[in-house]
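# Fold and contact review
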Amino acid sequence: MALPRKAAPAELRQTAWTMEEERFAALCESVLRTLKTGDRNKECIDVMRQLCVILLLSPRTLMPPLEMVEQLLVVTGHATQGPPRLRLLCGLALRLCCPSRTVNITTLDSPVEQKQIPFLLPLLHAQGTRFSILTQHLPQIIKWIITPETDGDLRIAAIALLSRVSADFPDFLEEGQVQTLSAVFTELLLRVSTAAATNPYNRQLFASPPKQMTYLTEVDGSRSRDFFTIFSMGKFYSADQVMNMQVFSQLTAWLEMHYVPSTGSAAAAAASVVVAGAGDATNDGGYGSCSTNTARASTATVVGGSDAALLSGGDVNAIQSDRVTAPLPTPFRDAIVDYCLRLIDQNLGAPSDERALPVLDRLALQAGVMEALHILGILCKLDVHIVPRVFATVKRLFAKSSHSNPHLYLSLIKFVVFHGD
């Protein structure tokens, strides 16, 4: 069965809902034949896009034959097998089939090139813990993260995978692994250069190096000082700077997963992205684990709509068990406090006239400071001795804030109410 090259969305949706095993087998045969021709042009990309839509919309579980799965794995993991868009579509088709025993990634070592591994890592997350594939590769993933010499794109992909896995399966990491990764996160928070990255799209073979180093800027346009944060402005960012943003965006989830004592509810806000805000208030001051529904919704957002219960084998309780929390390392705690206070200082240094900043910059400043306040609230709950260190800065922010920014104002009021004594 071959679909039209330009199938309409309504036609694809109807095809997905009425797809039978025989028709799907014929479609897979057509796709496999297209992939084997070696002529992986736009037509091949269109066919793969249609296959992904059908796998996504079908109310039944459709599993391609083993030969096609193996071919999709080959295309996904090798740069010579086609353009990046095609390889991403092949990887997406495999993820939509997971968890499945046939999608088996046997090795991430040589001869697999490090630069190609980021295409394969999302498959490990989609497989979950059901077939021990993720467990098999976990030591290698952690090794990539803690080794500075690892390719930058691979470290970025490994950190993204680890944050998702940790959110979906909070008991997956051992305490020693958590503390090792926290030490790496400490370095990534405070030891990243403020030098501006070069244009990665500049392909001039004989381009002369810049006469002097350029730096990122503060919100007010002055040269960035101290250390890099998510508020350091620039056109391009290095791999270390991207990882710095990653670490900050997952701090809430990381702290609540591994350092906040469990209350038996689901494993905290799985996707603590910068725009997540301050979260839901609870009877412990709004800084404990969130409700089951909130955690499941956040998890679904991070993994692109997949369900946490499915990834854990269909058992919701698999992500609700009581956890043994690790002691929060002092260097890690101090690094987080310094980073969050630096964000607040950068916000205080922003132009007083909000109209001087683009709308997206104003929203980013607000969301980043709200996240910093929420993280500081978690740390103050874990260690009340931190409160005097941060309260003066929070009071300065409170004095500057206005009622025209209600979300930030409420976050400040919450912090002052729970930690003002």
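Residues numbered from 1 in each chain as written. Predicted model: local features only at pLDDT ≥ 70, side-chain atom pairs only at ≥ 80, totals over all residues. Heavy atoms only, no water.

## Topic: the overall build of the protein chain
Inclusion rule: What counts as a helix is a DSSP run of H or I of at least four residues, what counts as a strand is a run of E of at least two, and both are numbered from the N terminus. The classification of residues rests on relative accessible area computed with a 1.4 Å probe and restricted to protein chains. Under 20% of the type maximum is buried, over 50% is exposed, and intermediate values are partly exposed. The contact rule is simple, with two residues in contact once any of their heavy atoms fall within 4.5 Å. Reported accessibility uses the Shrake-Rupley method at a 1.4 Å probe radius. Residues are deemed covered only where the shown protein chains occlude them.
When you go through the protein chain residue by residue, the secondary structure sums to 17 helices and zero strands. By the burial criterion, 50% of the 421 residues in the protein chain qualify as buried. Long-range contacts, defined here as pairs at least 24 residues apart, represent 74% of the contacts in the protein chain between residues at least 6 apart. Summed over all atoms, the accessible surface of the protein chain reaches about 20,400 Å², with 55% contributed by carbon and sulfur.

## Notes on helix α10 (residues 239–249)
Regarding α10, the residues found buried are Gln-241, Met-243, Asn-244, Gln-246, Val-247, Phe-248 and Ser-249. Buried residues along α10 sit in contact with α8 (152–168), α9 (175–190), α11 (251–258), α14 (330–348) and α15 (359–382).

## Concerning the pattern of salt bridges
The condition is simple: Any carboxyl oxygen of Asp or Glu that lies within 4 Å of a side-chain nitrogen of Lys or Arg is treated as forming a salt bridge with it.
All chains considered together, the criterion is met by 13 salt bridges. A salt bridge links Lys-36 to Glu-67, with the nearest nitrogen and oxygen atoms 2.4 Å apart. Note that Lys-36 is positioned in helix α2 (residues 21–36) and Glu-67 in helix α4 (residues 66–77), a separation of 31 residues in sequence. Measuring nitrogen to oxygen at the nearest pair gives 2.6 Å for the salt bridge that ties Arg-342 to Glu-218. With Arg-342 in helix α14 and Glu-218 in the loop between α9 and α10, this residue pair connects regions lying 124 residues apart in the sequence.

## Observations concerning the packing of α14 against helix α16 (residues 387–400)
Selection criterion: The axes are straight lines fitted to the C-alpha atoms, using for helices just the contacting stretch, and the angles between their N-to-C directions are given from 0 to 180°. The cut-offs work like this: below 35 degrees is roughly parallel, past 145 is roughly antiparallel, 65 to 115 is roughly perpendicular, and the gaps in between are oblique. Handedness of a crossing follows from how the near helix is turned relative to the far one, being left-handed for an anticlockwise turn of less than a right angle and right-handed for a clockwise one. Three residue categories are used. Nonpolar comprises Ala, Val, Leu, Ile, Met, Phe, Trp, Tyr, Cys and Pro, charged comprises Asp, Glu, Lys and Arg, and polar comprises the others, including Gly.
Between α14 and α16, the least distance of the axes is 10 Å, while the angle of their chain directions is 20°. On the basis of the axis angle, α14 is roughly parallel to α16. Along this stretch, α14 crosses α16, giving a crossing that reads as left-handed. Contact residues: α14 offers Asp-334, Val-337, Asp-338, Leu-341, Ile-344, Asp-345, Asn-347 and Leu-348, while α16 offers Arg-389, Val-390, Thr-393, Arg-396, Leu-397 and Lys-400. A class-by-class count of the residues in the contact of α14 with α16 yields six nonpolar, two polar and six charged.

## Points about the nonpolar core
The line we're drawing: We define the nonpolar core as a collection of buried residues of types Ala, Val, Leu, Ile, Met, Phe, Trp, Tyr and Cys that are connected through side-chain atoms lying within 4.5 Å of one another.
In terms of nonpolar packing, the biggest core is built from 110 residues, with Met-48, Leu-121, Leu-124, Leu-189, Phe-332 and Ile-336 touching the most fellow members. Aside from chain neighbours lying at most four places away, what touches Met-48 is Val-31, Leu-35, Leu-72, Leu-86, Leu-89, Cys-90 and Ala-93.

## Topic: the packing of aromatic side chains
Heads up, the rule is: Only the six-membered ring of Trp is used, alongside the rings of Phe and Tyr, when aromatic pairs are assigned; centres must lie within 6.5 Å, and planes under 30 degrees apart are stacked while those over 60 apart are edge-to-face, with the rest tilted. Counted as over-ring charges are cases with an Arg CZ or a Lys NZ within 6 Å of the ring centre that also lie within 35 degrees of the ring normal.
Applying the stated criterion to the full structure yields seven aromatic pairs. Here the aromatic rings of Phe-228 and Tyr-237 are separated by 6.0 Å at their centres, their planes lie at 75°, and the arrangement is edge-to-face. You can call Phe-228 buried: its relative accessible area is 0%. Members of the aromatic cluster, connected to one another through ring pairs, are Phe-227, Phe-248 and Tyr-339. Taking the ring centre of Phe-119 as reference, the NZ or CZ of Arg-87 above it sits at 3.8 Å. The ring of Phe-227 is capped by Arg-342, whose NZ or CZ atom sits 5.9 Å from the centre of that ring.

## With respect to a nonpolar patch on the surface
Basically, it comes down to this: Patch definition: residues with relative accessible area over 30% and no salt bridge; like charges joined within 9 Å; nonpolar side chains (Val, Leu, Ile, Met, Phe, Trp, Tyr) joined within 5 Å.
Judged by side-chain polarity, Leu-410, Ile-413, Val-417 and Phe-418 come together as a nonpolar surface patch covering roughly 380 Å² of accessible area. Its location among the elements puts Phe-418 in helix α17 (residues 406–419).

## Digging into the side chain of Glu-371
Heads up, the condition is: Only four residue types enter the charge count, namely Lys and Arg as positive and Asp and Glu as negative; His and the chain termini do not. Think of a polar contact as two N or O atoms within 3.5 Å of one another; within protein, one of them needs to be a possible hydrogen donor and the other a possible acceptor, and neighboring residues in sequence only count if both atoms come from side chains.
Secondary-structure assignment places Glu-371 in helix α15. Here Glu-371 is buried and forms no salt bridge, its nearest opposite-charge partner Lys-414 lying at an N-O distance of 9.5 Å. One polar contact links Glu-371 to Thr-252, side chain to side chain, over a distance of 2.8 Å.

## Some words on unusual backbone geometry
Each neighbour pair has its own omega, and for Cys-98 with Pro-99 the value is 0°, a cis peptide bond. Tracing the chain through its elements places Pro-99 in the loop between α5 (84–97) and α6 (121–127). Unusually for a residue other than glycine, Asp-226 sits at a positive phi of about 60°. As for its position among the elements, Asp-226 is in the loop between α9 and α10. Exposure remark for Asp-226: the relative accessible area of 62% places this residue in the exposed category.

## Some remarks on the packing of α15 against α16
Across the interface, α15 lies against α16 with an axial gap of 11 Å and an inter-helix angle of 155°. Classed by the angle they form, the pair α15 and α16 counts as roughly antiparallel. Between α15 and α16 lies a crossing whose hand is left-handed. Residues Val-369, Leu-373, Leu-376 and Cys-380 of α15 pack against Val-387, Val-390, Val-394 and Leu-397 of α16. Of the residues that constitute the contact of α15 with α16, the class distribution is eight nonpolar, no polar and no charged.

## Re the confidence of the model for the protein chain
Rule in force here: pLDDT is a per-residue confidence score from the predictor, ranging from 0 to 100.
Confidence in the prediction for the protein chain averages 78 pLDDT; 77% of positions are at 70 or higher. Per-element averaging of pLDDT across the protein chain places helix α13 (residues 308–311) at the bottom with 33 and α10 at the top with 95. Contacts for the low-pLDDT stretch residues 264–321, under 50 throughout, to residues beyond four places or in other chains number 116 contacts.

## Some points on α8
Note the threshold: Any helix carries an expected span of 1.5 Å times its number of residues minus one.
The end-to-end C-alpha distance of α8, which contains 17 residues, comes to 25 Å, matching closely the 24 Å that a straight helix rising 1.5 Å per residue would cover. Across the 17 residues of α8, 13 count as buried, placing the element largely inside the fold. At the N-terminal boundary of α8, the capping side chain belongs to Asp-151, with an oxygen 3.2 Å from the backbone nitrogen of Asp-153.

## Quick look at the side chain of Asp-151
Take Asp-151: it is sitting in the loop between α7 (133–146) and α8. Of note is the side chain of Asp-151, whose polar atom sits 3.2 Å from the backbone nitrogen of Asp-153. If we skip the residues at most four places from it in the chain, Asp-151 touches Gln-114 and Lys-115.

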